[in-house]
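# Observations on chain architecture
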Amino acid sequence: MRDLTGHSDLTDARVVAGDVTDAASIARAVAGHDAAIGAAVDLSMPPHDFFTASSRALATGLAKADVRRLVVVGLAAILPGESGAALMDEPGYPNEYRSFYLGHAAGLEELRTCDLDWAYLAPAGDFDHHGARTGRYLFADHGDPTSRISYPDFAIALLDEIEAARHHRAVAIVREA
């Protein structure tokens, strides 16, 4: 459940509290919209439980509200690297958060079973936490742990995917331009 008080500075948006693991809550929150972006995590739950429950609830809740498009913020660790293996399985990749990675992977597998038009966009590597908006990004063929993209540029990629869908029921890897 998101705390609405932390978003009082948003003047051109409607902020709604809800539970991303509850289909009825999602249906109420998205009613009347064309698309949704999924970018949630609950670290109080085991990652596998959270990501599978949220993917199932999003699929059910969005369908109930007749919202057919979902763009999900993904995770590079579960995507193929240059070798073709998932980044998390490549030698030297940090695995202290492996259960989190596997939870993301399980959530993606849940999406693959639903009827929504979804896209799973993940940064090629990680975020440049202090990076400025350039207004540019590229799609990559594989993950790259050295790649960094700013939050604003990744957000533009998410919004562009909503406005002009290029990826349907597919994973897309986003990197800096």
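Structure: above.
Report follows, based on the coordinates.

Reading the values: the criteria
Residues numbered from 1 in each chain as written. Predicted model: local features only at pLDDT ≥ 70, side-chain atom pairs only at ≥ 80, totals over all residues. Heavy atoms only, no water. Helix = DSSP H or I, 4+ residues; strand = E, 2+ residues; numbered from the N terminus. Rg over C-alpha atoms; globule rule 2.2 N^0.38 Å. Buried < 20%, exposed > 50% of the residue type's maximum accessible area, 1.4 Å probe, protein only. Contact = heavy atoms within 4.5 Å. Areas by Shrake-Rupley, 256 points an atom, 1.4 Å probe, with all protein chains shown as cover. Lys, Arg positive; Asp, Glu negative; His and termini not counted. Charge placed at Lys NZ, Arg CZ, Asp CG, Glu CD. Right-handed = clockwise from strand over helix to strand, strands pointing away. Pairing = 2+ DSSP bridges. Axes fitted to C-alpha atoms, helices over the stretch in contact; angles between N-to-C directions. Parallel < 35°, antiparallel > 145°, perpendicular 65-115°, else oblique. Left-handed = near helix turned anticlockwise from the far one by under 90°. Core = buried A, V, L, I, M, F, W, Y, C linked by side-chain atoms within 4.5 Å. Phe/Tyr/Trp six-rings, centres within 6.5 Å; stacked < 30°, edge-to-face > 60°.

### A short note on the overall build of the chain
When you go through the chain residue by residue, the secondary structure sums to 4 helices and 7 strands. The order of helices and strands in the chain, counted from the N terminus, is α-β-α-β-α-β-β-β-β-α-β. Its C-alpha radius of gyration of 16 Å places the chain within 12% of the 16 Å reference for a compact globule of 177 residues. Dimensions of the chain along its principal axes, counting C-alpha atoms only, are 45 × 35 × 30 Å. Expressed as a percentage of its 177 residues, the buried residues of the chain come to 42%. Of the contacts formed within the chain by residues at least 6 apart in sequence, a portion of 68% connects residues at least 24 apart. Put simply, the chain shows about 9,700 Å² of open surface, and 52% of that area lies on carbon and sulfur atoms. One finds the centroid of the 15 positive side-chain charges in the chain at a distance of 4 Å from the centroid of its 26 negative side-chain charges.

### Quick word on the pairing of strand β2 (residues 69-73)
Burial analysis of β2 places 5 of its 5 residues in the buried class, which makes it a mostly covered element. Of the two faces of β2, the one carrying R69, V71 and V73 and the one carrying L70 and V72 are both buried. In this fold, strand β1 (residues 35-38) hands off to helix α2 (residues 47-64), which returns the chain to β2; that crossover is right-handed. In the sheet, β2 pairs with strand β3 (residues 117-123) via 5 bridges, with the strands oriented parallel.

### Quick notes on the environment of I173
Its location among the elements puts I173 in strand β7 (residues 170-175). Using a relative accessible area of 6% as the deciding quantity, one classes I173 as buried. Between the alpha carbons of I173 and F127 there is a distance of 13 Å; along the sequence they are 46 residues apart. Aside from chain neighbours lying at most four places away, what touches I173 is L79, P80, A122, P123, A124, L138, F139, A140, D141, H142 and G143.

### Description of the environment of A177
Mapping A177 onto the fold places it in the segment after β7. Separated by 39 residues in the primary sequence, A177 and L138 place their C-alpha atoms 5.3 Å from one another. Beyond its immediate stretch of four places on either side in the chain, A177 contacts R136, Y137 and L138.

### Examining the packing of α2 against helix α3 (residues 98-112)
At a minimum axis distance of 7 Å, the contact between α2 and α3 shows a crossing angle of 20 degrees. Taken together, the axis directions place α2 and α3 in an arrangement best described as roughly parallel. Crossing handedness for the pair α2 and α3: right-handed. Counting all contacts with α2, which are made through P47, H48, F51, T52, S55 and R56, the residues of α3 involved are S99, F100, G103, H104, A106, G107, E110 and L111.

### Quick word on the nonpolar core
Core analysis: the biggest nonpolar cluster contains 33 residues, and L62, L70 and Y120 have the highest contact counts within it. With residues up to four places along the chain from it excluded, the contact list for L62 reads I26, V30, A36, A57, V67, L70 and L116. Formed by 13 residues, the second largest nonpolar core is a distinct cluster that contains L121, I156, A157 and L158.

### Some points on the packing of aromatic side chains
Applying the stated criterion across every chain yields a total of 6 aromatic pairs. On the numbers, 5.1 Å between centres and 80 degrees between planes, the contact of F50 with F51 is edge-to-face. No difference in accessibility class separates F50 from F51, as the two residues are buried. Considering the side-chain rings of F51 and F100, the 5.4 Å spacing of their centres and the 75 degrees angle between planes classify their relative orientation as edge-to-face. Here F51 is found in helix α2, whereas its partner F100 is found in helix α3, with 49 residues between them in sequence. Judged by relative accessible area, F100 falls into the partly exposed class, the value being 22%. A connected cluster of aromatic rings, assembled from ring pairs, spans F50, F51 and F100.

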